[in-house]
Amino acid sequence: QVQLVESGGGLVQPGGSLRLSCAASGSIFSINAMAWYRQAPGKQRELIALITSGGSINYQDSVKDRFTISRDNAKNTAYLKMTNLKPEDTAVYYCNAVARPNSWSGPYNYWGQGTQVTVSS
């Protein structure tokens, strides 16, 4: 079983920065990819950044050049550095991992509990 725990959310003024962390723990054989999603009130959850075990990275266009996803494989932790935050970035941010809990299982999707990011003056 894999657990994901996000941290680092909070209230920040427009133009400010935050760094989110996602720590994976439990039974982990491998993590194929980690990603960050967000969900604003009344809207669908959307993928905003993805990083694979091989290091390939993809961003949603609205956050390119402002957000940076990274991963510390030794610590099974992913990060999302957010800069130049805008009010429209306000959402609950969720960590996602595609991981295998053991060598005889295929990959599964795992989700963290979410962390609130509010951008407001």
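Look up a bit, the structure's there.
Residues numbered from 1 in each chain as written. Predicted model: local features only at pLDDT ≥ 70, side-chain atom pairs only at ≥ 80, totals over all residues. Heavy atoms only, no water.

## Observations regarding the state of the cysteines
Link 1 in the chain: Inspection of the entire model under this criterion finds one disulfide.
Link 2 in the chain: Through a disulfide, Cys22 is tied to Cys95; the S-S separation comes to 2.0 Å. One quick way to see it: the torsion about the S-S bond of Cys22 and Cys95 is about -80°, and its sign makes the bridge left-handed. Placement of the pair is Cys22 in strand 3 (residues 18-26) and Cys95 in strand 9 (residues 91-100), with a sequence separation of 73 residues.
Link 3 in the chain: Looking at Cys22, the relative accessible area reads 0%, which means it is buried.
Link 4 in the chain: Taking the relative accessible area as the measure of exposure, Cys95 reaches 0% and is therefore buried. (Disulfide = S-S within 2.5 Å. Helix = DSSP H or I, 4+ residues; strand = E, 2+ residues; numbered from the N terminus. Buried < 20%, exposed > 50% of the residue type's maximum accessible area, 1.4 Å probe, protein only.)

## A closer look at the pattern of salt bridges
Link 1 in the chain: Inspection of every chain in the model, using the stated rule, returns four salt bridges.
Link 2 in the chain: Linking Asp61 and Lys64 is a salt bridge whose minimum nitrogen-to-oxygen distance equals 4.0 Å.
Link 3 in the chain: With a shortest N-O distance of 2.8 Å, Arg66 and Asp89 are connected by a salt bridge. Residue Arg66 is located in the loop between strand 6 (57-59) and strand 7 (67-72), and its partner Asp89 is located in the loop between strand 8 (77-82) and strand 9; the two are separated by 23 residues in the primary sequence.
Link 4 in the chain: Overall, Arg66 belongs to the buried group, its relative accessible area being 8%.
Link 5 in the chain: Under the relative-accessibility criterion, Asp89 is labelled buried at 1%.
Link 6 in the chain: In this structure, a network of salt bridges that share partners links the residues Arg38, Glu46, Arg66 and Asp89. (Salt bridge = Lys/Arg side-chain N within 4 Å of Asp/Glu carboxyl O.)

## Observations concerning the sheet that holds strand 3
Link 1 in the chain: Ordered by their spatial adjacency, four strands build an open sheet running 1-3-8-7, and the pairing between neighbours is antiparallel. On the outer flanks of this sheet lie strand 1 (2-7) and strand 7, each paired with one strand and no other. Each neighbouring strand pair of the sheet contributes to a mean axis angle of 15°, computed without reference to strand direction.
Link 2 in the chain: Sheet topology places strand 1 next to strand 3; six bridges connect them, and they run antiparallel. Paired with Val5 across the two strands is Ala23, which belongs to strand 3. (Pairing = 2+ DSSP bridges. Axes fitted to C-alpha atoms, helices over the stretch in contact; angles between N-to-C directions.)

## Comments concerning the side chain of Ser21
Link 1 in the chain: Here Ser21 lies in strand 3.
Link 2 in the chain: Residue Ser21 is classed as buried on the basis of its relative accessible area, which comes to 16%.
Link 3 in the chain: Those residues in contact with Ser21 that lie beyond four places of it in its chain are Val5, Glu6, Ser7, Trp36, Ala78 and Tyr79. (Contact = heavy atoms within 4.5 Å.)

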